[in-house]
Amino acid sequence: MSKKPVNDLSKKQRKTCEGFNPKTVNKYGFSNTVCGTSSPNSFLIREREHKWFEMLKNWDHLMTSNYNKVRVRCRKGIPHSLRAAAWRALSGAANLQQKNPGMFEDLLQKESEWMVYIEKDLPRAYQLHELFTEKDGLGQTEMRKVLKAYSIYNPKVGYCQGMTSIAGILLMLMPAEQAFWCLVSIMNKYLPGYFSAGLLAVQLDGRVMESLVHDIDPKISAFLKKNDVQATFYAIEWFLCAYTRTLPWETVLRIWDMFLCEGVKVLIKTGVTLILLAFSDKKVRDACDSFDKALKYLKYKLPEHLLEEDFFMNELLGLHISEEQFKETHLAQLAKLKENFS
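Treat the numbers as computed from the prediction; the structure is a model and nothing was measured.

Undergrad: So what's going on with the environment of Tyr117? Which residues, and what values?
TA: Tracing the backbone through its elements, the reader meets Tyr117 in helix 8 (residues 115-121). In this structure the C-alpha to C-alpha distance between Tyr117 and Phe223, which are 106 residues apart in sequence, comes to 39 Å.

Below, the structure written as structure tokens:
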């Protein structure tokens, strides 16, 4: 593997992805205006770093004795300097890697029937991020390893396009082997069935999201139904990519902090929040008086300030959906889905 630093790309290499501008790379490695403007003060950052450092030292005990403390701190946001370690601990990837020494390298020595599809998708992943702009550079090489290894590790799933989004966000924070075990954990614990044939788990969670929107704001639910804007038209990308293609990057990272702590319900609540923010204003609903207008507004035209980290997370955390409501809604929608396929 090349020892060249990620930032040390020639101008010619940086221009391999159209739209990438090395002069506008932000602190997360993206070109242009991909993430928001939120910036906590340095004292708060250091204080949170200290708290998380202490938690990580006593992780197993803390998760069994005081999970609520972990959840509260994940909701406040994990310090970026400790995000990789925290995500590996939260997901259980660190333990998986420790229990399976050498497996990642062993998998890479085998052949994968999915390589032609993986190779086709590599140049399309995160084209505005400096790690992935160079053809066969460090980022694409590491992503190739992660996706190849997973396709062999789990032959029932193999490879699906949305996995590049999951693998990419992990590789921005950690080396390939660590990213691989995080991907394994996410696919097994958080998103089981998401990448299976028919995407039935995604369809189910989309139905749960729609039902929760109906419970919270029947007017918005009726508006979506009137214009035939079903979750299948927008939520597949939301869920499969875990919002990495949808929201400003600082908001994405905060959602992932919660997602890896609390599970897939965070993805569902994020979708509910997006829908409520999009169509709570009657003037917007009146203006979006067709399927095309409503769908385009929801997917591409939401005002930027609604999606910025502080505002969006405040709305998300203010959305109170009980565990019981989630469970009842999930069971009801699961029964309906089974009835449709019986």
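Undergrad: Explain the packing of helix 10 (residues 163-171) against helix 15 (residues 249-262) to me, and be specific about the residues and the numbers.
TA: In contact at an axis separation of 13 Å, helix 10 and helix 15 are set at 95 degrees when each is read in the N-to-C sense. For the element pair helix 10 / helix 15, the angle class is roughly perpendicular. Only Trp249, Val252, Leu253 and Trp256 of helix 15 make contact with helix 10, whose side of the interface consists of Ile166, Ile169 and Leu170. Partitioning the contact of helix 10 with helix 15 into residue classes produces 7 nonpolar, no polar and no charged.

Undergrad: Help me get a handle on the environment of Phe104, residues and values and all.
TA: If you trace the backbone, Phe104 turns up in helix 7 (residues 103-108). Given the relative accessible area of 2%, Phe104 is considered buried. Placed 184 residues apart in sequence, Phe104 and Cys288 show a C-alpha to C-alpha distance of 49 Å.

Undergrad: Any details on the side chain of Arg73? Residues and values, ideally.
TA: By secondary structure assignment, the location of Arg73 is in helix 4 (residues 67-76). Buried within the structure, Arg73 lacks any salt-bridge partner; its nearest side chain of opposite charge belongs to Glu47, at an N-O separation of 8.5 Å. If near-sequence neighbours (up to four positions away) are discounted, Arg73 is found in contact with Lys51, Trp52, Met55 and Ile78.

Rules used in this analysis
Residues numbered from 1 in each chain as written. Predicted model: local features only at pLDDT ≥ 70, side-chain atom pairs only at ≥ 80, totals over all residues. Heavy atoms only, no water. Helix = DSSP H or I, 4+ residues; strand = E, 2+ residues; numbered from the N terminus. Axes fitted to C-alpha atoms, helices over the stretch in contact; angles between N-to-C directions. Parallel < 35°, antiparallel > 145°, perpendicular 65-115°, else oblique. Contact = heavy atoms within 4.5 Å. Nonpolar A, V, L, I, M, F, W, Y, C, P; charged D, E, K, R; others polar. Buried < 20%, exposed > 50% of the residue type's maximum accessible area, 1.4 Å probe, protein only. Lys, Arg positive; Asp, Glu negative; His and termini not counted. Salt bridge = Lys/Arg side-chain N within 4 Å of Asp/Glu carboxyl O.

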